[in-house]
Amino acid sequence: MTRTTLARRRGSPRWWALAGFGAAVFAAAAIGGLGVRGTGEEYQNLVQPDWAPPSWLFGPVWSLLYAMIAVSGWLAWRRGGFGPALWIWTAQLVLNAIWTPLFFGAAQYGLAFADIVALWGLIAANVIAFWRLSRPAAALLLPYWAWVTFAGALNFAIWRLNS
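Please read all numbers here as calculations on a predicted model, not as lab measurements.

Calculation rules
The numbers attached to residues start from 1 for each chain and follow its sequence in the written order. Thresholds applied to this predicted model are a pLDDT of at least 70 for local features of residues and 80 or more for the giving and counting of side-chain atom pairs; totals over whole chains, interfaces and linings are not thresholded and use all residues. With hydrogens and water set aside, each side-chain value is computed from the structure's full complement of heavy atoms. Segments assigned H or I by DSSP are reported as helices when at least four residues long, segments assigned E as strands when at least two residues long, and all are numbered from the N terminus. Only protein chains enter the area calculation, which uses a 1.4 Å probe; residues under 20% of their type maximum are buried, those over 50% are exposed, and those in between are partly exposed. Working rule for contacts: check all heavy atoms of both residues, and any pair within 4.5 Å makes them a contact. As a rule, the C-alpha atoms of each element are fitted with a line to give its axis, helices using only the stretch in contact, and angles between N-to-C directions run from 0 to 180 degrees. By the definition adopted for this analysis, an angle is roughly parallel if under 35 degrees, roughly antiparallel if over 145, roughly perpendicular if from 65 to 115, and oblique otherwise. We call a crossing left-handed when the near helix sits turned anticlockwise from the far one by less than a right angle, and right-handed when that turn is clockwise. As a working rule, the residues Ala, Val, Leu, Ile, Met, Phe, Trp, Tyr, Cys and Pro are called nonpolar, Asp, Glu, Lys and Arg charged, and the rest polar, with Gly in that last group. Working definition: rings of Phe, Tyr and Trp (its six-membered ring) pair if their centres are within 6.5 Å, and the pair is stacked with planes under 30 degrees apart, edge-to-face with planes over 60 apart, and tilted otherwise. Charges are assigned to positions over rings by a cutoff of 6 Å between ring centre and Lys NZ or Arg CZ, combined with an angular limit of 35 degrees from the ring normal.

**Some thoughts on the overall build of the protein chain**
Phase 1 of the analysis: Looking only at helices and strands, the protein chain features six helices and zero strands.
Phase 2 of the analysis: Ordering the α and β elements of the protein chain from the N terminus gives α-α-α-α-α-α.
Phase 3 of the analysis: In the protein chain, buried positions account for 38% of the 163 residues.
Phase 4 of the analysis: Once local pairs closer than 6 in sequence are excluded, the contacts in the protein chain between residues at least 24 apart make up 77%.

Next up, the structure:
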């Protein structure tokens, strides 16, 4: 067996793992949306601050961010295996999945804000943990962190305006 063939065999499971990370992120997004219909319409019916983006923007932004989150987790896993940094990554995915049902499904804007604050903190911890393993993995989380910062401010404003 040549070195190239052996290297391909060793690398192959690593590429399949990327699909696993993609599936995990997809599952978090899907779980977040379970039982929550008409979010665009509900969003339009809320009293919003002047700086609130249109509802159509959220789908494309989240699709890109979810892809970056998956690749980030995969890169960190390749460097350090499934250790503490990946447990933080998993925990932030759980909080991410919980937000949509809280905000849209239950209209619990204050509880959704508490969730997003905790999510923000876990993303910060995740960036730090990933920075130690893989700087590209950490860098891929920065747009997500920025968007969650914006989403947190929007969540807070909507909570205050609709209470």
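**A few points about the packing of helix 4 (residues 84–105) against helix 6 (residues 135–161)**
Phase 1 of the analysis: Interhelical geometry of helix 4 versus helix 6 gives an angle of 30° and a closest axis separation of 14 Å. Classified by the interaxial angle, the pair formed by helix 4 and helix 6 is roughly parallel. In terms of crossing hand, the pair formed by helix 4 and helix 6 is left-handed. Residues Gln92, Asn96, Trp99 and Phe103 of helix 4 form the contact with helix 6, whose own contacting residues are Tyr144, Asn155 and Ile158.
Phase 2 of the analysis: Split by residue class, the contact of helix 4 with helix 6 holds four nonpolar, three polar and no charged.

**Brief notes about the packing of aromatic side chains**
Phase 1 of the analysis: The tally for this structure, following the rule as stated, stands at 17 aromatic pairs.
Phase 2 of the analysis: Plain terms: the ring middles of Phe21 and Trp89 are 5.2 Å apart, the flat faces sit at 70° to each other, and that makes the pair edge-to-face. Pair noted here: Phe21 is in helix 1 (residues 3–33) and Trp89 is in helix 4, with a separation of 68 residues, a long-range link. Across the pair, exposure class does not vary: Phe21 and Trp89 are buried alike.
Phase 3 of the analysis: Pairing Phe113 with Phe156 gives two aromatic rings, centres 5.1 Å apart and planes at 55°, and the pair type is tilted. Pair noted here: Phe113 is in helix 5 (residues 109–133) and Phe156 is in helix 6, with a separation of 43 residues, a long-range link.
Phase 4 of the analysis: Look at Phe113 and you get partly exposed, because its relative accessible area is 21%.
Phase 5 of the analysis: Judged by relative accessible area, which is 36%, Phe156 ranks as partly exposed.
Phase 6 of the analysis: Grouping aromatic residues by their ring pairs yields a cluster made of Tyr43, Trp51, Phe58, Trp147 and Phe150.
Phase 7 of the analysis: The ring of Trp159 carries Arg160 above its face, with NZ or CZ at 4.9 Å from the centroid.

**Comments concerning the packing of helix 3 (residues 58–80) against helix 6**
Two measures define how a pair of helices packs: the angle their axes make with one another and the distance between the axes.
Phase 1 of the analysis: Running from amino to carboxyl end, helix 3 crosses helix 6 at an angle of 145°, the nearest separation of the two axes being 8 Å. Judged by the twist between their axes, the crossing of helix 3 over helix 6 is left-handed. Residue-level inspection shows Phe58, Val61, Trp62, Leu65, Met68, Ile69, Val71, Ser72, Leu75 and Ala76 of helix 3 in contact with helix 6, the latter providing Pro136, Ala137, Ala138, Leu140, Leu141, Pro143, Tyr144, Trp147, Val148 and Leu154.

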